[in-house]
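# A look at the structure
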Amino acid sequence: MQCTGTHISYLHTCHRKLWLFENGIRMEHTSEIVAEGKFIADTTYLDRTRKYTELAIEGIKIDYYDIKNRVVHEVKKSDKIEQAHLAQVKYYLYILHKNGIEYPSAIIEYPKLKQRELIEWNDSYVETSQKWELEIEKIVGTEYCPALIKKNICKNCSYFELCYINEI
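Residues numbered from 1 in each chain as written. Predicted model: local features only at pLDDT ≥ 70, side-chain atom pairs only at ≥ 80, totals over all residues. Heavy atoms only, no water.

### So, the overall build of the protein chain
Scanning the protein chain from terminus to terminus reveals 7 helices and 5 strands. Taken over 168 residues, the protein chain has a buried fraction of 42%. The contacts in the protein chain between residues at least 6 apart in sequence include a share of 66% that link residues at least 24 apart. As presented, the protein chain carries roughly 10,100 Å² of accessible surface, and 50% of it is formed by carbon and sulfur atoms. (Helix = DSSP H or I, 4+ residues; strand = E, 2+ residues; numbered from the N terminus. Buried < 20%, exposed > 50% of the residue type's maximum accessible area, 1.4 Å probe, protein only. Contact = heavy atoms within 4.5 Å. Areas by Shrake-Rupley, 256 points an atom, 1.4 Å probe, with all protein chains shown as cover.)

See the structure below:
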C-alpha cells in the first residue's frame, strides 16, 4: 500500500473514512465543502504556480513546493481539523527528508482566517510517520469497515450521507 497525505489526514480525522477511501469509496467529488476548499486554494495565491513547483514523490503530491528554500506551502480552508493538517505536512516533511532533502519545513496557510503556521523539521517525524504508516496499514487491512463514531465534524464530511444513511 502506498501511503498518501490523504491517508494521513484521514487517519487523524476518522478511521471509517480512511477505510472507505482506501477501499475505493471516494466521496470527495460530491462535497461542496471540498469544492470550496479547492476553490480557495486555487484562487487565493495566484502567483503560486509561477513561483513554486508541484512535486509528486512516493505517493504524496505537494501542490506548492519552494525548491530553493525547501518549504512546502499547504493551503487549508479552515483550522477545524488542524491536527490532521499538521500531521499531513509533517508526513510530507518526512517523505522529503527520506528522499535526501535536509531540514525541510512547511507553512500551512488559512487564507479565510488570515493565519499561517510554520512547521520546522524535527527528527521525531521519522518515527512518528512510520508509526502512522503502520497504523494505516492495520486499519485499511481489516476486512470490515470501522464502526461509525459520531463527531462534531461529521456533518461537514463528504462521507456524511453514506455513514448516516440509516440515521437520517
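Structure's up, so let's keep going.
### Let's talk about the sheet that holds strand β3 (residues 71-75)
If you walk across this open sheet you meet the 5 strands as β1-β2-β3-β4-β5, and the pairing is mixed. Every other strand in the sheet has two partners, leaving β1 (53-57) and β5 (115-120) as the edge strands with one partner each. Within the sheet, the average angular offset between the axes of one strand and its neighbour, ignoring direction, is 35 degrees. The sheet contact formed by β1 and strand β2 (residues 60-66) spans 4 bridges and is antiparallel. Residue I57 lies in a different strand from β2, and its bridge partner there is I60. This element, helix α5 (residues 82-98), spans β1, β2, β3, β4 (105-110) and β5 of the sheet and lies at about 150 degrees to β4. (Pairing = 2+ DSSP bridges. Axes fitted to C-alpha atoms, helices over the stretch in contact; angles between N-to-C directions.)

### So, the nonpolar core
Taken as a class, soluble globular proteins show a tendency for nonpolar side chains to be buried jointly. Among the nonpolar cores identified, the biggest contains 37 residues, and V72, Y91, L93 and I119 are the most heavily contacted of them. Listed by contribution, the elements that provide at least two residues to this core are α1 (5-11), α2 (15-22), β2, α5, β4 and α6 (124-140). Of the residues forming this core, the biggest block, 9 residues, is contributed by α5. Not counting residues within four places of it along the chain, the set of residues in contact with I119 comprises L86, V89, K90, L93, S105, A106, I108 and Y125. (Core = buried A, V, L, I, M, F, W, Y, C linked by side-chain atoms within 4.5 Å.)

### Some words on the state of the cysteines
Scanning the entire structure with this criterion turns up 0 disulfides. With no disulfide of its own, C14 lies closest to C163 among cysteine sulfurs, the gap being 6.0 Å. A disulfide-free cysteine, C157 has its sulfur positioned 6.2 Å from the sulfur of C163, the nearest such atom. (Disulfide = S-S within 2.5 Å.)

### Quick word on α2
Within an α-helix, residues lying three or four positions from one another point in the same direction, as the helix has 3.6 residues per turn. By the criterion of burial, α2 is predominantly enclosed, with 6 of the 8 residues buried. Contacts made by the buried residues of α2 are with α1, α6 and α7 (160-163). Looking at the residues trailing α2, positive phi occurs at G24, about 85 degrees.

### Re the pairing of β2
Most of β2 sits inside the fold, with 5 of its 7 residues counted as buried. Counting the residues between successive antiparallel strands, the hairpin from β1 to β2 contains 2 residues, one of them, E58, with a positive phi of roughly 50 degrees. As defined by bridge partners, β2 adjoins β3 across 3 bridges and the pair is classed as antiparallel. Across the sheet, residue Y65 finds its bridge partner in β3, namely V72. Linkage of β2 to β3, two consecutive antiparallel strands, is achieved through a turn of 4 residues, within which R70 is found at a positive phi near 55 degrees.

### Quick look at α5
With 17 residues, α5 should cover 24 Å at 1.5 Å per step; its first-to-last C-alpha distance of 24 Å lies within 8% of that length. Buried residues dominate α5, accounting for 12 of its 17 residues. Buried within α5 are the following residues: A84, H85, L86, A87, Q88, V89, Y91, Y92, L93, Y94, I95 and L96. Positive backbone phi, approximately 90 degrees, marks G100, located one or two places after α5. (Expected span 1.5 Å × (residues − 1).)

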